[in-house]
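Residue-level listing of the chains:
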Amino acid sequence: MRLILENTALIVIDVQQAFDEMERAGAKRNNPEAPARIADLLAAFRAGPAPVIHIRHANTDPGSRFHPQATGYAVREDAREHPGEPVLVKHVNSAFIGTDLDTRLKGMGLSTLVIVGATTNHCVETTTRMAGNLGYDAILVADATWTFDRAGPDGRLHAAEDIHAMSLANLDGEFCRVFRTWEVIEALARSGDGF
């Protein structure tokens, strides 16, 4: 299926240093090239007129890596916003809750959202589900998101790659369409001023 992009924004979710801190502390993740793919998409979007919107998670728990006073709250250098690119701060999993994201997108006449960031099965999945439910054409970029190993309620450990794959399987065709970075970049190049 060929991807066509119209009235599109790039939504960059929670590419924050807290995740790097978690990995350094021993958490196992999948898709180590995801930040590089996000950087590729940022460069492609910034080369044209389609807007980039950054989402940042701020946890109210002072002990959280995502608390605004914690070192993990900061955005990775390769995903830092440029002047004029809005940063919306959320306190829950969905970028649509407690922010003006929906109003902002509708005000700009945007109907297609290219979604990237972390983590696949938490804030990315929650935001993607809501985007689909709100009527947006949500495009989730499979190689520009990642997650971590996680234990289930029975104590069994699930590998990050399996969790990532299951999130994509749950979302694709129901809440979004799943593509890879190169497909989005090719679609941007084809759409020119139309996106």
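The following paragraphs examine the structure supplied in this document. Being a predicted model, the structure only gives us computed values, none of them experimental.

**Digging into the packing of helix 4 (residues 120–133) against helix 5 (residues 160–171)**
- The interhelical angle for the contact between helix 4 and helix 5, taken along N-to-C directions, is 10°, at an axis separation of 10 Å. In terms of their interaxial angle, helix 4 and helix 5 are classed as roughly parallel. Side by side, helix 4 and helix 5 meet where Thr120, Asn121, Glu125, Thr128 and Arg129 of the first sit next to Ile163, His164, Ser167, Leu168, Asn170 and Leu171 of the second.
- Here the residues of the contact of helix 4 with helix 5 sort into three nonpolar, six polar and two charged.

**Examining the nonpolar core**
- In this structure, Leu10 and Val184 are the most contacted members of the largest nonpolar core, which totals 30 residues.
- Listing elements by their share of this core, those giving two or more residues are strand 1 (8–13), helix 1 (17–24), helix 2 (34–46), strand 4 (112–118), strand 5 (137–146) and helix 6 (181–191).
- By residue number, the principal contributor to this core is helix 2, which donates six residues.
- Excluding its chain neighbours within four sequence positions, the residues that come into contact with leucine 10 are Leu41, Leu42, Phe45, Pro51, Val52, Ile53, Val114 and Val116.
- In terms of nonpolar packing, the next biggest core, distinct from the first, is built from 24 residues, Ile55, Val124, Tyr136 and Ala138 among them.

**What to know about the pattern of salt bridges**
- In this structure the tally under the stated criterion is 16 salt bridges.
- Salt-bridge contacts for arginine 29 lead to glutamate 23; the nearest nitrogen and oxygen are separated by 3.7 Å.
- The class of arginine 29 is buried, set by a relative accessible area of 16%.
- Judged by its relative accessible area of 36%, glutamate 23 falls in the partly exposed class.
- Each of the salt bridges in this network shares a partner with another, and the network as a whole consists of Asp20, Arg76 and Asp78.

Procedures and definitions
- Residues numbered from 1 in each chain as written.
- Predicted model: local features only at pLDDT ≥ 70, side-chain atom pairs only at ≥ 80, totals over all residues.
- Heavy atoms only, no water.
- Axes fitted to C-alpha atoms, helices over the stretch in contact; angles between N-to-C directions.
- Helix = DSSP H or I, 4+ residues; strand = E, 2+ residues; numbered from the N terminus.
- Parallel < 35°, antiparallel > 145°, perpendicular 65-115°, else oblique.
- Contact = heavy atoms within 4.5 Å.
- Nonpolar A, V, L, I, M, F, W, Y, C, P; charged D, E, K, R; others polar.
- Core = buried A, V, L, I, M, F, W, Y, C linked by side-chain atoms within 4.5 Å.
- Buried < 20%, exposed > 50% of the residue type's maximum accessible area, 1.4 Å probe, protein only.
- Salt bridge = Lys/Arg side-chain N within 4 Å of Asp/Glu carboxyl O.

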